[in-house]
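Structural overview
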Amino acid sequence: MVPPRPLFTYRVIVPYSESANLQKRFKIEYTIEAPDRETALQKAEREFFAYTQYNSASWVRVIEREGIRVWKILPDLPQTPQTIDELAARLRSDDEDILYNTLLSLGALEDATASALVTPLLRHPNPDIRTLAAETLGKMGDPSNLPLLLSHYTNEAPATLKATILTAISRLARPGDPVSDIIAAALGDKDPRVRANAVEAVERLRLPTTTRMLAPLLEDEDNRVRANVLKALWDTHDRAKLAATLREMATHPSHWMRASAAFVLRHVRIDQHLKLVQTLLEDRIPEVHANAWKALLVLEELDCIPLWFEHLNPLHVADLPLIQAKIEKMGPPAFERVLAVKPRSREEYRQVQGILDALEQQAWQQQGWLGWLKAKHRRFFGRP
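Below you will find a few notes about this structure. Worth saying up front: this structure is predicted, and the values here are computed from it rather than measured.

Right, let's talk about the overall build of the chain for a bit. Within the chain, the regular secondary structure consists of 19 helices and 4 strands. For the chain, the spread of C-alpha atoms along the three principal axes comes to 80 × 60 × 40 Å. Burial analysis of the chain (384 residues in total) assigns 48% to the buried set. Sequence separation of at least 24 residues holds for 59% of the intrachain contacts in the chain that already meet a minimum separation of 6. Summing over all exposed atoms, the chain offers an accessible surface of approximately 20,400 Å²; the carbon and sulfur share of this is 53%.

Right, dumping it as structure tokens:
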């Protein structure tokens, strides 16, 4: 069970030429909802070719791929090619604050056009600027930057830079790219950040030659490394052994191990899953509880209903609409569970009443007036 990836809005500009007029250039813009930049580009290209096939014109349209631009639509950031180029030009500044903030903005936008201005910063004297430049190149998604990033992954490089380059590699590498040796070596690095990011790269790239090297890291002393290994091996390794490791982490004296166990429970399912999530929800350490709450929100079971409301607190109020949508999806079988909820605030009371209203309406639609009447009677007078 993998939680759905959030969708973002991207603008994609596709330049093209037509066989009827090779001297003229055209472009078409798409607004795409997608979980990442690469998917947005793929969707835009499918729309382009679908239109081309639908159109009955005799000439041929050809994409000019070197001119494609993709960027994420975000508030308070440039949203046209010209203004994004103006932002990128600030990378010529000598002011480190300007460089840092500009790299952050360009990384958020994910527009690869500025890559040529970012790559020189991999040699900047400030290690923080070098690391952020590597991160930005990874987010920009241009595979042609991979060889340069690989050249900066050396034994002498700071651990933060190595870890960041590994994440960038996992975004940029394609099948056949020579990254397996570097990632395999990184799995044995002395720094846990490097090891953890190397495991993520193995999972993302699905590297068969290095997956077998992950099993020993189930005993790693670092909580994030162990969590990443569990996720990476879940579909290919002995699940009984992995589940045992997960349960051990959930009861570990280190609260970071317990927090990582709760994180993994968002991505996998084991026997007595909900019971383990509930145990972690009762943990007094905020980081553990926060991750366990996120794991609970992934689930869609009737037994989750009392837990959602039992552990609801002011930090979780923003999740009430999601909880309501999940309960309404369960339909009339959820009615009794919601009816048993004892709201602890006016907002909770309003939300519970709204859920009951929606479930009554579903009872009307699915069971007719008799089903609706029974639900209404139970709501106000208890069981008939």
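Attention now goes to the layout of surface pockets. The space that makes up the second largest pocket amounts to roughly 290 Å³. For the lining of the second largest pocket, the element with the most residues is helix 1 (residues 37-54), which contributes 4 residues. Within the lining of the second largest pocket, the residues separate by chemical class into 5 nonpolar, 2 polar and 7 charged.

This part covers the packing of helix 2 (residues 81-88) against helix 3 (residues 96-109). Closest axis-to-axis distance for the helix 2/helix 3 pair is 10 Å, and the angle between their directions is 145 degrees. For the pair helix 2 and helix 3, the sense of crossing is left-handed. Taken together, the residues of helix 3 that come into contact with helix 2 (itself represented by Ile 84, Leu 87 and Ala 88) are Thr 102, Ser 105, Leu 106 and Leu 109. Of the residues contributing to the contact of helix 2 with helix 3, the split by class is 5 nonpolar, 2 polar and no charged.

Our focus in this paragraph is the pattern of salt bridges. Counted under the stated rule, the structure contains 19 salt bridges. Several salt bridges converge on common partners, so that one network encompasses Arg 69, Asp 85 and Asp 111.

A few words now on the nonpolar core. Ile 169, Ile 183, Leu 296, Trp 308, Phe 309 and Ile 327 are the most contacted members of the largest nonpolar core, which totals 101 residues. If near-sequence neighbours (up to four positions away) are discounted, Ile 169 is found in contact with Leu 146, Leu 150, Val 179, Ile 182, Ile 183 and Leu 205. Ranked by size, the runner-up nonpolar core spans 13 residues in total, among them Tyr 30, Ala 34, Ile 63 and Ile 68.

Glancing now at the packing of aromatic side chains. One pair of aromatic rings is described through two measures. These are the centre distance and the angle between the planes. Taken as a whole, this structure holds 3 aromatic pairs when the rule is applied. When the ring of Phe 48 is compared with that of Phe 49, the centres are 5.5 Å apart and the planes differ by 85 degrees; the resulting orientation is edge-to-face. Classification of Phe 48 as buried rests on a relative accessible area of 3%. Chaining the aromatic ring pairs together yields one cluster made of Tyr 16, Phe 26, Phe 48 and Phe 49.

Secondary-structure assignment places Asp 220 in the loop between helix 10 (208-211) and helix 11 (223-233). Among the polar contacts listed, one links the side chain of Asp 220 to the side chain of Arg 195, at a separation of 2.8 Å. Apart from the residues within four sequence positions on either side, Asp 220 is in contact with Arg 195, Val 225, Arg 226 and Met 257.

Criteria and cut-off values
- Residues numbered from 1 in each chain as written.
- Predicted model: local features only at pLDDT ≥ 70, side-chain atom pairs only at ≥ 80, totals over all residues.
- Heavy atoms only, no water.
- Helix = DSSP H or I, 4+ residues; strand = E, 2+ residues; numbered from the N terminus.
- Buried < 20%, exposed > 50% of the residue type's maximum accessible area, 1.4 Å probe, protein only.
- Contact = heavy atoms within 4.5 Å.
- Areas by Shrake-Rupley, 256 points an atom, 1.4 Å probe, with all protein chains shown as cover.
- 1 Å grid on protein atoms, 1.4 Å probe; cavity = no way out; pocket = protein on both sides within 12 Å on 5 of 7 lines; lining within 4 Å.
- Points joined across faces, edges and corners; volume = space filled by probe spheres on them.
- Nonpolar A, V, L, I, M, F, W, Y, C, P; charged D, E, K, R; others polar.
- Axes fitted to C-alpha atoms, helices over the stretch in contact; angles between N-to-C directions.
- Left-handed = near helix turned anticlockwise from the far one by under 90°.
- Salt bridge = Lys/Arg side-chain N within 4 Å of Asp/Glu carboxyl O.
- Core = buried A, V, L, I, M, F, W, Y, C linked by side-chain atoms within 4.5 Å.
- Phe/Tyr/Trp six-rings, centres within 6.5 Å; stacked < 30°, edge-to-face > 60°.
- Polar contact = N/O pair within 3.5 Å; in protein donor to acceptor, adjacent residues only side chain to side chain.

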